[in-house]
Amino acid sequence: MLAENLHQPVFLYWGLRNEDAAYQLNEWQNKQNEHFKFIPVIENPSSDWQGRQGNVIDAVLADFTSLHDYQIYCAGRFEMVGKARKAFLEQGLQKDKMFADAFAFMDLD
């Protein structure tokens, strides 16, 4: 997407337990532009952390009053993907607009 210079806005939220897991953090931050925003969210930050804190799902919900017009690609633990799907559907996301490898192993009813 970055190589193609697409103009559709993309928001990459990266949820992590702590900063130690944030490999290549600077590389992703340096790739930001007017169409690509990178938002790392640390659950248990150190006192030095200057970015977003808390749960990544909560961060998305706080940033978007409605997810109706978005597509979401989700990666992570099955339980987290399931929680994200439920919360995002409640925030207006259309069922056919969320994608995750975990869905192949989950009951989506």
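All of these numbers come straight from a predicted model, not from anything done at the bench. (Residues numbered from 1 in each chain as written. Predicted model: local features only at pLDDT ≥ 70, side-chain atom pairs only at ≥ 80, totals over all residues. Heavy atoms only, no water.)

Before going further, it helps to examine a nonpolar patch on the surface. A cluster of nonpolar residues, M1, L2 and L6, forms a patch on the protein surface that exposes about 240 Å² of accessible area. When you line up the elements, L6 lands in the segment before β1 (10-16). A relative accessible area of 45% means that L6 is categorised as partly exposed. (Patch = residues over 30% accessible without salt bridge, like charges linked within 9 Å, V, L, I, M, F, W, Y side chains within 5 Å. Areas by Shrake-Rupley, 256 points an atom, 1.4 Å probe, with all protein chains shown as cover. Salt bridge = Lys/Arg side-chain N within 4 Å of Asp/Glu carboxyl O. Helix = DSSP H or I, 4+ residues; strand = E, 2+ residues; numbered from the N terminus. Buried < 20%, exposed > 50% of the residue type's maximum accessible area, 1.4 Å probe, protein only.)

Sheet topology places β1 next to strand β2 (residues 36-42); seven bridges connect them, and they run parallel. The residue bridging V10 from the neighbouring strand is F36, located in β2. A crossover connection joins β1 to the parallel β2 through helix α1 (residues 25-30); in handedness this β-α-β unit is right-handed. (Pairing = 2+ DSSP bridges. Right-handed = clockwise from strand over helix to strand, strands pointing away.)

It is worth spelling out unusual backbone geometry at this point. A positive phi angle, near 55 degrees, is found at Q24, a position not held by glycine. Structurally, Q24 is set in the loop between β1 and α1. On the accessibility criterion, Q24 (42% relative accessible area) is partly exposed.

Our focus in this paragraph is the packing of helix α2 (residues 56-63) against helix α3 (residues 78-90). Between α2 and α3, the least distance of the axes is 10 Å, while the angle of their chain directions is 20 degrees. Classified by the angle their axes make, α2 and α3 are roughly parallel. The element α2 and its partner α3 pack so that their crossing is right-handed. Facing α2, whose interface residues are I57, V60 and L61, α3 presents M80, K83, A84, A87 and F88. (Axes fitted to C-alpha atoms, helices over the stretch in contact; angles between N-to-C directions. Parallel < 35°, antiparallel > 145°, perpendicular 65-115°, else oblique. Left-handed = near helix turned anticlockwise from the far one by under 90°. Contact = heavy atoms within 4.5 Å.)

Bringing the packing of aromatic side chains into the picture now. Per the stated rule, a full pass over the model turns up eight aromatic pairs. On the numbers, 6.1 Å between centres and 45 degrees between planes, the contact of W28 with F36 is tilted. According to the relative accessible area criterion, W28 is partly exposed, its value standing at 29%. Through a chain of ring-to-ring contacts, three or more aromatic side chains come together here, namely W14, Y23, W28, F36 and F38. Over the aromatic face of W28 sits the side chain of K31, whose NZ or CZ is 5.3 Å from the ring centroid. Its guanidinium or amino end placed over the ring of F103, R85 lies 5.8 Å from that ring's centre, counting from NZ or CZ. (Phe/Tyr/Trp six-rings, centres within 6.5 Å; stacked < 30°, edge-to-face > 60°. Lys NZ or Arg CZ within 6 Å of the ring centre and 35° of its normal.)

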